[in-house]
Amino acid sequence: MPDPGAPPDAPADLMEKVVGLCKRRGFIFPSAEIYGGFRSTYDYGPLGVNLLRNVKNAWWEAMVQRRDDVVGLDAAILSPPAVWEASGHLSNFTDPLVDCRSCHQRWRADKIDGVCPACGSTEFTQARAFNLMFKTHAGPVEDEGAVAYLRPETAQGMFTNFANVLQTTRKKPPFGIAQVGKSFRNEITPQNFVFRTREFEQMELEYFVPPAEAQHWFEYWLDERYRWYTGLGIPPSELRLRHHDADELAHYAVATADVEFLFPWGWDELEGVANRTDADLMAHARASGERLEYFDQPTGERYVPYVIEPAAGATRAMMAFLLSAYHEDEIGGEPRTVLRLHPRLAPYQIAVLPLSKKETLEPLAREVLASLQVHFMCDYDVTQSIGKRYRRQDEVGTPWCVTVDFDSIADRAVTVRDRDSTDQVRVPIDGLVEELRRRTDRA
Ligand code: ATP
């Protein structure tokens, strides 16, 4: 049976295959595995760390580097209760927790459709609000005065630094503050691999706008964010926008829409885009006594901007890119697994493969590697037959293999093999960086 939500040509057990590949090839490992693992916590291995970094870099490039209206921030993860009292998280950041009366497992009431996923029972305790904040103590004394929280979202750092950023950058609405970093939520049921974990990474933009322009910017960011995913290779058939009904909206938002991906279990959230109004800045201004507003000198106008927030998960996006890229096909009658990752995201853009282990090839192969490493993340592999090495690179999504053979010493040219078409062309070593750059830019 194919997975219910999977695209028609996806393998039936896509999720299992991708999870298996992640472990086998060093993308994602269960955390503390030698001690039996730790509650849906994961470590990103040698390939996963590259892929995740590339996802975050692609976001930063689109959201900060290529714009003059957005600046970056990297705020602290530990923060005092005052921040979370003002933001409403201490009282409102809860999920409804129920216990199954039959098998006693705990579930998030809004995610189980009235039936215990473990035993099928429909008998549950009354739902009670469970706060998702991770609480700790700063300093040696574990009393109430030392309480601190791990942030459950990066957003509040942008609001508490609003005045600092305004003063230091002299930006004028519409302008945004972007941040990428870890967030922590004590999820009741972390599940589906890295889709929902207790420790995860977010990529969030808080875009401050004149209130009258809020709807325009909400639609603008929804469109931009959809195009970011398709631009990095997720086909439109696996993406959709879903506008929230009024009863789904968070207390601070007047409009929210999700960018959803077709996960193996069906459509689910990749990213939320919300019109948060002036609720956050007003709440922090009230609680802190600071003025968090924009003063437009030429007109003498003073106002609290509205905020449009595209909030994405970096680790969740990485999982979607992996699921979407996973394919099985045949090359010359041989089955292969290939990750058709966008070259910007692939853990390695290039693999340099000397045709044989013979020492005569090594100096030139290493020379080629060194010239490419300045520009690209490269792998270097001398083990096994060349065919096997191509398959290994296909399986981890390396777009181009550069093979150095015995002719290369005489003609100073190498063979470039394309992952998707498997076409091979001879390219002079002198023009190799330009050729590979052209291919990356075209992708
Ligand atoms: P959900 O309803 O699924 O719990 P949410 O709507 O509360 O998620 P947001 O607060 O909007 O999520 O967070 C923005 C983004 O951060 C989400 O779209 C998702 O990509 C990511 N994210 C949120 N929680 C987690 C988590 N526990 N694990 C991984 N990524 C997460």
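Residues numbered from 1 in each chain as written. Predicted model: local features only at pLDDT ≥ 70, side-chain atom pairs only at ≥ 80, totals over all residues. Heavy atoms only, no water.

Draft legend 1. The arrangement of the pairing of strand β5 (residues 94–99) in detail. Summarising the sheet, β5 and strand β7 (residues 128–131) pair through four bridges and their orientation is antiparallel. Counted as the bridge partner of P96 is A129 from β7. As paired elements, β5 and strand β6 (residues 106–108) share three bridges and run antiparallel to each other. Residue V98 lies in a different strand from β6, and its bridge partner there is W107. What sits between the antiparallel neighbours β5 and β6 is a turn of six residues, in which H104 has the positive phi angle 65°. (Pairing = 2+ DSSP bridges. Helix = DSSP H or I, 4+ residues; strand = E, 2+ residues; numbered from the N terminus.)

Draft legend 2. Highlighting the nonpolar core. Core analysis: the largest hydrophobic core is formed by 62 residues, its most contacted members being F27, V55, M203, W228, Y229, I308 and F321. Ranked by residue count, the leading element in this core is helix α9 (residues 314–325), at nine residues. Setting aside chain neighbours within four positions, we find W228 in contact with V55, A58, W59, A62, M203 and F321. Of all hydrophobic cores here, the second largest spans 21 residues; its members include A365, F376, V416 and L432. (Core = buried A, V, L, I, M, F, W, Y, C linked by side-chain atoms within 4.5 Å. Buried < 20%, exposed > 50% of the residue type's maximum accessible area, 1.4 Å probe, protein only. Contact = heavy atoms within 4.5 Å.)

Draft legend 3. Representation of the sheet that holds β6 within the structure. Pairing is antiparallel across the open sheet formed by three strands, whose spatial order is β6-β5-β7. Each end of this open sheet is capped by a strand with a single partner; those strands are β6 and β7. Neighbouring strand axes in the sheet, compared pairwise and without regard to direction, differ in orientation by 45° on average. (Axes fitted to C-alpha atoms, helices over the stretch in contact; angles between N-to-C directions.)

Draft legend 4. Region of the structure containing the side chain of D278. Inspection of the secondary structure puts D278 in the loop between β14 (266–277) and α8 (279–288). Look at D278: it is buried, it has no salt bridge, and the nearest opposite charge is R286 at 7.7 Å. Sequence-distant contacts of D278, that is, excluding residues within four places in its chain, are made with V304, P305 and Y306. (Lys, Arg positive; Asp, Glu negative; His and termini not counted. Salt bridge = Lys/Arg side-chain N within 4 Å of Asp/Glu carboxyl O.)

Draft legend 5. Expanded view of the domain arrangement of the protein chain. Domain parsing of the protein chain yields domain 1 (14–78 + 152–322) and domain 2 (348–442). Opposite the seven residues of domain 1 that make contact, domain 2 presents six residues. For domain 1, the biggest contributors to the area lost against domain 2 are R25, L47 and N50; these three give 66% of the whole. Across the domain 1-domain 2 interface, the total number found is two salt bridges. Where E395 meets R24, a salt bridge forms, and the shortest distance between an N and an O atom there is 2.8 Å. If you look at where domain 1 meets domain 2, you find three residue pairs in polar contact (both at pLDDT 80 or more). Classifying every residue of the side of domain 1 that touches domain 2 gives three nonpolar, two polar and two charged. (Domains from an automatic or database assignment. Buried area = accessible area lost by both parts, 1.4 Å probe. Polar contact = N/O pair within 3.5 Å; in protein donor to acceptor, adjacent residues only side chain to side chain. Nonpolar A, V, L, I, M, F, W, Y, C, P; charged D, E, K, R; others polar.)

Draft legend 6. Inspection of the site of the ligand at higher detail. As a structural note, the neighbourhood of the ligand is formed by 16 residues, with E187, R196, T197, E269 and L270 the closest of them. Between an oxygen atom of the ligand and a side-chain N or O atom of R196, the distance comes to 2.8 Å. Taking Q202, its side chain carries an N or O atom lying 3.2 Å from an oxygen atom of the ligand. Protein burial of the ligand: of its 610 Å² of free accessible surface, 84% is covered by the chains. Because more than half of its atoms lie within 2 Å of the grid, the ligand is assigned to the largest pocket. Elements supplying a minimum of two residues to the shell around the ligand: β11 (199–209), β14 and β17 (306–313). Tallied by class, residues from the shell around the ligand come to five nonpolar, four polar and seven charged. (Near = heavy atom within 4 Å. Areas by Shrake-Rupley, 256 points an atom, 1.4 Å probe, with all protein chains shown as cover. 1 Å grid on protein atoms, 1.4 Å probe; cavity = no way out; pocket = protein on both sides within 12 Å on 5 of 7 lines; lining within 4 Å. Sits in = over half its atoms within 2 Å of the grid points.)

Draft legend 7. Local environment of the packing of helix α2 (residues 46–65) against α9. Where α2 contacts α9, the two axes come as close as 9 Å, and the packing angle between them is 110°. One way to sum up the angle between α2 and α9 is to call them roughly perpendicular. Packed against α2, whose contacting residues are G48, L51, L52, V55 and K56, the element α9 presents A314, T315, A317, M318, F321 and L322 at the interface. (Parallel < 35°, antiparallel > 145°, perpendicular 65-115°, else oblique.)

Draft legend 8. A look at a nonpolar patch on the surface. A cluster of nonpolar side chains, L355, F406 and I409, forms an exposed patch at the surface whose accessible area comes to about 260 Å². Along the polypeptide, I409 turns up in helix α12 (residues 406–411). (Patch = residues over 30% accessible without salt bridge, like charges linked within 9 Å, V, L, I, M, F, W, Y side chains within 5 Å.)

Draft legend 9. Inspection of the pattern of salt bridges at higher detail. Summed over all chains, the structure comprises 43 salt bridges. Here D99 and R106 are joined by a salt bridge, their closest N and O atoms 2.7 Å apart. Here D99 falls in the buried class, since its relative accessible area comes to 13%.

Draft legend 10. Structural view of the layout of surface pockets. Taken as a whole, the largest pocket encloses approximately 1300 Å³ of empty space. Every residue lining the largest pocket is counted, 49 residues in all, and those nearest its centre are F93, R108, R185, Y252 and E269. Where the lining of the largest pocket is concerned, the elements lending two or more residues are α4 (89–92), β5, β11, β13 (255–263), β14, β17 and α9. Element by element, the count of residues in the lining of the largest pocket is highest for β14, at nine residues. Of the residues that constitute the lining of the largest pocket, the class distribution is 15 nonpolar, 14 polar and 20 charged. Volume-wise, the second largest pocket comes out at about 780 Å³. What lines the second largest pocket is a set of 27 residues, and nearest its centre among them are A58, E61, L232, H342 and R344. The set of elements that each furnish at least two residues to the lining of the second largest pocket consists of α2, α7 (214–231) and α13 (432–442). Per-element tally for the lining of the second largest pocket: the top contributor is α2, with eight residues. (Points joined across faces, edges and corners; volume = space filled by probe spheres on them.)

Draft legend 11. Highlighting the sheet that holds β11. The mixed open sheet is built from seven strands, whose spatial order is β3-β10-β11-β17-β14-β13-β12. Each edge of the open sheet is held by one strand with a lone partner, namely β3 (70–72) and β12 (239–243). Ignoring strand direction, the axes of neighbouring strands in this sheet form an average angle of 25°. Bridge count for β12 against β13 is five bridges, and the pairing is antiparallel. Residue pairing for β13: L239 is matched across the bridge by F261. Helix α6 (residues 162–169) contacts β3, β10 (175–184) and β11 of the sheet and is inclined by roughly 135° relative to β10.

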